[in-house]
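# Observations on the three-dimensional arrangement
As a plain string of letters, each chain reads:
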Amino acid sequence: MKLGRISAAIGAVAATALATMLNLGATEAAAAPNFQMPFKCGYTATAATFSGHNPANSVDFQKSGITGDPVVASAAGTVSRVADEGGTSYGKWIEIDHGGGWTTRYAHLSAQSVSQGQQVRLGTQIGLAGATGGVTGPHLHYEQRLNGSAQKVKLNGVAVPYYGHPSFTSKNNCGGGGSNPYSPEQVCGAGYSVINQHGLGKQGAVYLLYNAGNGTNCVATMKHTDLGKKTATSAFLTVEGGQRATDSGDYSYYAGPVKKEARGTCVQWGGSVGSEKYTSPFEHCG
């Protein structure tokens with residue numbers, strides 16, 4: 001009997017270890033958004049990292065006269081927290097949920113211009129930089145988190161050096177989205193809001209939208225280059241357990257809309273412009 005119990009215990013431990021490895025694999029498979037600097041296109045600031053920072057992988061954006069400068073979303077998502085710690089900690093701060101376990105935090109703001117539950121696009125202004133909370137001077141405290149743990153920050157695919165004070169210039173929404181005469185919301189129609197997006201290099205970006213009224217997802221791929229010229233562009237959407245729906249062809253401005261009802265079901269989405277492609281994991285299962 002004792003040997004049987006020991007064997008059962010070993011089996012239970014092994015099963016738990018296997019489940020843990022599978023969960024880790026799922027976490028690693030969740031693609032990070034192509035996070036951009038949380039300032040408008042062309043804005044230059046020092047991305048300061050230093051030993052003893054809390055959390056260790058956070059970045060302080062520093063610049064003379066930064067107070068009052070617009071702070072923008074570094075990727076599309078849903079505002080999950082708008083808080084004010086007064087004269088301590090983060091002070092006025094905002095958190096955005098980007099899906100797949102990824103969130104970003106923006107702290108020490110002088111003003112907040114979004115509300116909890118609001119959906120924001122890449123480059124949407126969310127507040128103003130400042131010096132609220134436990135600080136010695138004005139700056140923007142910024143974090144990229146995966147499943148609640150702060151990760152080493154990447155900006156437009158470029159890793160911020162640890163530890164140092166390099167200068168970065170924002171490429172957030174540069175040249176692309178603003179020059180296309182159409183928006184993802186126009187392509188998908190009334191009632192749809194962007195819940196995620198992924199850049200396709202300089203070629204464009206693919207957007208996932210959701211209509212809470214009818215539980216329908218929509219995918220649109222927006223071109224950023226060769227606007228008005230018909231080039232290979234695609235958008236696709238798969239509801240888990242179903243078949244992929246695709247819109248593909250030579251288009252002047254965008255591919256899509258591709259729509260499928262997916263209330264309470266995971267979806268996989270993506271698209272392409274030219275040789276640049278993106279395919280998401282199955283996500284947004286709520």
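See above for the structure.
Quantities reported herein were computed from a predicted structural model and do not represent experimental measurements.

Rules used in this analysis
Residues numbered from 1 in each chain as written. Predicted model: local features only at pLDDT ≥ 70, side-chain atom pairs only at ≥ 80, totals over all residues. Heavy atoms only, no water. Salt bridge = Lys/Arg side-chain N within 4 Å of Asp/Glu carboxyl O. Helix = DSSP H or I, 4+ residues; strand = E, 2+ residues; numbered from the N terminus. Buried < 20%, exposed > 50% of the residue type's maximum accessible area, 1.4 Å probe, protein only. Pairing = 2+ DSSP bridges. Disulfide = S-S within 2.5 Å. Phe/Tyr/Trp six-rings, centres within 6.5 Å; stacked < 30°, edge-to-face > 60°. Lys NZ or Arg CZ within 6 Å of the ring centre and 35° of its normal.

Take the pattern of salt bridges next. Under the counting rule described, the total for this entry stands at 3 salt bridges. Measuring nitrogen to oxygen at the nearest pair gives 2.9 Å for the salt bridge that ties arginine 105 to glutamate 95. Within this pair, whereas arginine 105 is found in strand 6 (residues 102–112), its partner glutamate 95 is found in strand 5 (residues 92–99), the two being separated by 10 residues in sequence. On the basis of relative accessibility, which here comes to 16%, the residue arginine 105 falls in the buried class. Between arginine 121 and glutamate 185 there is a salt bridge whose closest N-O contact spans 3.4 Å.

Burial of strand 20 (residues 267–273) is extensive: 7 of the 7 residues sit out of reach of the surface. With burial as the criterion, each face of strand 20 is covered, one bearing Val267, Trp269, Gly271 and Val273 and the other bearing Gln268, Gly270 and Ser272. Examined bridge by bridge, strand 17 (residues 231–239) and strand 20 share 7 bridges and lie antiparallel to one another. Bridging across to strand 20, threonine 238 finds its partner in glutamine 268. Relative to strand 21 (residues 276–279), strand 20 runs antiparallel, the two sharing 4 bridges. Its bridge partner being in strand 21, valine 273 is matched across the sheet by glutamate 276. Counted between consecutive antiparallel strands, the loop separating strand 20 from strand 21 contains 2 residues, among which glycine 274 sits at a positive phi close to 60°.

By the definition in use, this model includes 2 disulfides. A sulfur-sulfur separation of 2.0 Å characterises the disulfide bridge that pairs cysteine 188 with cysteine 218. Judged by the sign of its S-S torsion, about -85°, the cystine formed by cysteine 188 and cysteine 218 is left-handed. Taken as a pair, cysteine 188 in helix 2 (residues 184–188) and cysteine 218 in strand 16 (residues 216–223) lie far apart in primary sequence, 30 residues in all.

Counting across every chain of the model gives 8 aromatic pairs. With centroids separated by 5.5 Å and ring planes inclined at 85°, the aromatic side chains of phenylalanine 39 and phenylalanine 61 adopt a geometry described as edge-to-face. Linking phenylalanine 39 in the loop between helix 1 (2–29) and strand 1 (44–48) with phenylalanine 61 in strand 2 (residues 59–62), this pair joins segments that are 22 residues apart in sequence. Phenylalanine 61 shares its class with phenylalanine 39; the two are buried. Pairing tyrosine 90 with tryptophan 93 gives two aromatic rings, centres 4.8 Å apart and planes at 65°, and the pair type is edge-to-face. Members of the aromatic cluster, connected to one another through ring pairs, are Phe39, Tyr43, Phe61, Tyr106 and Tyr142. Over the ring of tyrosine 43 we find lysine 63; its NZ or CZ atom is 4.2 Å from the centre of that ring. For arginine 244, the ring lying beneath its charged end belongs to phenylalanine 236, and the centroid distance is 3.7 Å.

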